[in-house]
Every structure is written in C-alpha cells, then in structure tokens.
Amino acid sequence: MMRWMLGAVMSLWLICPVLAGNLDAKANLDAKAVNDAPRPAKQPATDKLNASVVKLQVLLDRAQFSPGEIDGKFGENAQKALKAFAEQNGIASEKAIAPELWDKLTAASEGSIVIDYKIEEADVKGPFLKELPARLEQMRSLKALSYTSALEGLAEKFHMSADLLKALNPGKSFDKAGEMIVVANVSARKELPRIARLEVDKKLGTLKAFDGSGALLAFYPASIGSPDRPTPSGTLKVTSTNERPTYHYNPEYKFKSVKSREPFDIKPGPNNPVGSYWIGLSAQGYGIHGTAEPDRVSKSASHGCVRLTNWDARTLGENTKRGTPVVFLDAPTESSSKQKSKTAGKRAAN
C-alpha cells in the first residue's frame, strides 16, 4: 500500500509541474505579461502563443516593419519583418533575437505594448454579413462587403488575429459597447517620410519602401501572383489610390471559380476581394491592395496583384505619391546590389 501511494505521489510530482507550466503559459498571456515581456533568449516556437512574440510583433508594426497580422506566433512573416529591420540597422540577422536588435526595436517607439480599449458603438453597430460568400459571383448581389462580426472588425482595427484578441480577453464580449478589452497599441505607429521607390520581391513575397537616398524605410509581407496569374516584371508606376474600392470582374480574367461570361462589380468593404484599399499601377488591372484574409498574406498566391493586409495597404497608399516607381524583382539585380553596398557604406561612414 505504501509503495503504491509513493508511486502515485511520484507520478503526480512528475506530471504536475508540466501541467502547471501549461496553465501558467495560458494564464500569463495578459497585459502585464506582454508589456513586461523580456527578449526571448532563444528563437521562439512558430506555432505557440508567446508574450514576448506579441511584444516583438507590435514593436515591428510600430516601426513600419510589418509582421502582417499580429498573432503572437513567431511565424514566417514575423521572421521576415525582423530580418528587414536588422538589415535597416546594420545588425547581423540570427536565429536568436540579438540583444542589440531588441534594444533598437524598444527604443524605436514609446508607450505600452498593449492597452485597454473601451468598445465603442461604432464597433458593434454593423451591419455585419451573416457569412462571407466563398465565390465572387455570390458577392455581387451584396450591398456591402462588411465585416462578419464585431470581433473581426476589432481584430483588424488593432492589426491582430481574432484568436490573439480572444486569448488576451478571456470571457469578454466583443459585441457589447462599453466593454473594456486589451488590444495592441498600434496607434503609436511611426510616421513615414516621403517614399521615393517601392520594391516587390516576387521570390520572397515582400514589399519594401525606400527614400530618395536608397535607405530602407518600411517593410510589408505580400502575396504575389502564381505562375498561372503572374505578377508583372520590370518597373511600373503608382497611378492612383482609392479607399473603399469597388472590385470589377472582367471575364477575360478567366478565373476557374467564376462561371459568368459577363463583367460584374462587387461593392466596397473590408471583405471585398481587393480589401479596403487599392493602389493602382501603370499596367491595366494591376495594383497593390488589401485583402479579406490577413492571415494568408505572403502564405498564398494572388491573381497577379500585390496583396497586403488592409492596414498595410492603407498606410502605404497614404504615404505614396502618383508617379512613384514600383520595381518588381525576380532575382537580386546588379543595381539593387550596388544600392545596398552604397547604403551600407554610408551607414559605416556615419
């Protein structure tokens, strides 16, 4: 009997620390844990929520090196953004997040990482879609391509995934005005100086903004066209910007999922096929635009355009003038390599 009890106690002793660790990991994803999160000593997991990664993603977003949707996981887009920020600051990119890189990020912006937010009437009044149709032809009869819920709207408002928003606010109601919730403090996003050139890397699925001297100003993950629907090559120019664009379907696109032989329009809204912002380019039918699926940016192919999150497309459009060149890179070019060397030389001289 004593041997059995001793075995049971030993088993509980071995199991309980693991259980406690898992419970603590969930319980610790709150405002204090995120705001006080230290630099990760090693590269975080790509599939688990992590307070330090939430902090990292918010800092990157505020520095205009977008990780795409802030989801608390150290995925591909967060890694791309961190690498671009390291490039801008002349710091070697490593698997582990270097202390000087973390220090640069924390010094680049001020204010709490997550803050309290009181849900407003405008956040919950709708109207909301009962369901977002899967096919373009089913969208053309809708009066607006609105959010499907207040939760979806709030998540996008603060550049977050709905899952992270729920994890930070257990038991909270997102469709009730006056409810206090914890959100990413992305309002402290850095203002951009004048953008002189955009570069779209078709291989890496990224968009970079540069100033007139060739210095890197901003970075955004992007979805690029597929071999069947390729993104343009060479250099185009920005011709227009449009908030709340209408999507125009042309039968010449010959999308496999669309049976209509007649053109049709889809009304504006954040769940429009081109999202809530459009940057027109000097090739007919091509642009840089938002998306209804921010979690899939840089993880799926577009129909030839350059697809960003809605908030990144808007930020870029509001800071890009007509005539700005947009360079599409199929592979590193000699000119871009020379420009990088020139920029590195200037940075070393400074």
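In what follows, the accompanying structure is described. (Residues numbered from 1 in each chain as written. Predicted model: local features only at pLDDT ≥ 70, side-chain atom pairs only at ≥ 80, totals over all residues. Heavy atoms only, no water.)

1. Description of the environment of Leu281
Among the structural elements, Leu281 can be located in strand β9 (residues 277-281). Overall, Leu281 belongs to the buried group, its relative accessible area being 7%. In this structure the C-alpha to C-alpha distance between Leu281 and Pro325, which are 44 residues apart in sequence, comes to 9.3 Å. (Helix = DSSP H or I, 4+ residues; strand = E, 2+ residues; numbered from the N terminus. Buried < 20%, exposed > 50% of the residue type's maximum accessible area, 1.4 Å probe, protein only.)

2. Thoughts on unusual backbone geometry
Geometrically, the link from Gly126 to Pro127 is a cis peptide bond, its omega value of 0° lying close to zero. Within the element layout of this structure, Pro127 appears in the loop between α6 (121-124) and α7 (136-139). Even without a glycine there, the phi angle at Gln64 is positive, about 70°. In this fold, Gln64 is placed in the loop between α3 (51-62) and α4 (76-88).

3. Re α3
Compared with an ideal rise of 1.5 Å per residue, which puts twelve residues at 16 Å, α3 spans 17 Å between its outermost C-alpha atoms and is within 8% of the ideal. Burial analysis of α3 places twelve of its twelve residues in the buried class, the great majority of the element. For α3, every residue scored as buried is listed here: Ala51, Ser52, Val53, Val54, Lys55, Leu56, Gln57, Val58, Leu59, Leu60, Asp61 and Arg62. The N-cap of α3, judged by a side-chain oxygen 2.8 Å from the amide nitrogen of Ser52 a few residues on, is Asn50. (Expected span 1.5 Å × (residues − 1). Polar contact = N/O pair within 3.5 Å; in protein donor to acceptor, adjacent residues only side chain to side chain.)

4. Notes on the sheet that holds strand β5 (residues 216-221)
Taken together, the eight strands give an open sheet; going across it, the order is β5-β4-β3-β12-β6-β9-β10-β11, and neighbouring strands pair in mixed fashion. The open sheet has two edge strands with one neighbour each: β5 and β11 (306-307). In terms of strand pairing, β9 meets strand β10 (residues 287-289) through three bridges, oriented antiparallel. Paired with Gly280 across the two strands is Gly287, which belongs to β10. The strands touched by helix α10 (residues 310-318) are β3 (197-201), β4 (206-210), β5, β6 (234-243), β9 and β10; relative to β9, the strand with the most contacts, the crossing angle is about 50°. (Pairing = 2+ DSSP bridges. Contact = heavy atoms within 4.5 Å. Axes fitted to C-alpha atoms, helices over the stretch in contact; angles between N-to-C directions.)

5. Overview of the layout of surface pockets
Size it by volume and the largest pocket reaches roughly 1,300 Å³. Surrounding the largest pocket, 40 residues form its lining, Leu136, Tyr247, Phe255, Pro273 and His303 being those nearest its centre. Listing elements by their share of the lining of the largest pocket, those giving two or more residues are α7 and β7 (247-249). Of the residues assigned to the lining of the largest pocket, the class counts are 17 nonpolar, 15 polar and eight charged. (1 Å grid on protein atoms, 1.4 Å probe; cavity = no way out; pocket = protein on both sides within 12 Å on 5 of 7 lines; lining within 4 Å. Points joined across faces, edges and corners; volume = space filled by probe spheres on them. Nonpolar A, V, L, I, M, F, W, Y, C, P; charged D, E, K, R; others polar.)

6. Let's talk about the packing of α3 against α4
Each packed pair of helices is defined by two parameters, the angle between the axes and the distance between the axes. Running from N to C, α3 and α4 point in directions that differ by 55°, and their axes come no closer than 10 Å. Regarding the angle of α3 to α4, the classification is oblique. Along this stretch, α3 crosses α4, giving a crossing that reads as left-handed. Residues Leu56, Gln57 and Leu60 of α3 lie in contact with α4, whose contacting residues are Ala78, Ala81, Leu82 and Phe85. (Parallel < 35°, antiparallel > 145°, perpendicular 65-115°, else oblique. Left-handed = near helix turned anticlockwise from the far one by under 90°.)

7. Observations regarding the pairing of β4
Across the five residues of β4, five count as buried, placing the element largely inside the fold. Burial along β4 is two-sided: Thr206, Lys208 and Phe210 facing one way and Leu207 and Ala209 facing the other are all buried. Taken together, the five bridges between β3 and β4 define a ladder with antiparallel strand orientation. Considered in β4, the bridge of Asp201 is made with Thr206. Counting the residues between successive antiparallel strands, the hairpin from β3 to β4 contains four residues, one of them, Gly205, with a positive phi of roughly 70°. In this sheet, β5 lies alongside β4 in antiparallel orientation, the contact comprising five bridges. Bridge pairing in β5 links Leu207 to Tyr220. The hairpin turn running from β4 into β5, its antiparallel successor, is five residues long, and Gly214 in that turn takes a positive phi close to 95°.

8. Concerning the packing of α3 against helix α5 (residues 99-107)
Running from N to C, α3 and α5 point in directions that differ by 60°, and their axes come no closer than 9 Å. Judged by the inter-axis angle, α3 sits oblique to α5. Both α3 and α5 take part in a crossing whose hand is left-handed. Facing Ser52, Lys55, Leu56, Leu59 and Leu60 of α3, the residues of α5 in contact are Trp102, Leu105 and Thr106. For the contact of α3 with α5, the per-class residue count stands at five nonpolar, two polar and one charged.

9. A few points about the packing of aromatic side chains
Using the criterion set out here, one finds four aromatic pairs in the structure. Geometrically, the ring pair formed by Phe65 and Phe85 is edge-to-face, given 5.4 Å between the ring centres and 85° between the ring planes. Of the two residues, Phe65 sits in the loop between α3 and α4 while Phe85 sits in helix α4, which places them 20 residues apart along the sequence. The buried category is assigned to Phe65, whose relative accessible area is 0%. Owing to a relative accessible area of 3%, Phe85 belongs among the buried residues under this scheme. Ring geometry for Tyr249 against Phe264: centres 5.0 Å apart, planes inclined by 25°, an arrangement best described as stacked. Of this pair, Tyr249 sits in strand β7 while Phe264 sits in strand β8 (residues 264-266), and the two are 15 residues apart along the sequence. (Phe/Tyr/Trp six-rings, centres within 6.5 Å; stacked < 30°, edge-to-face > 60°.)

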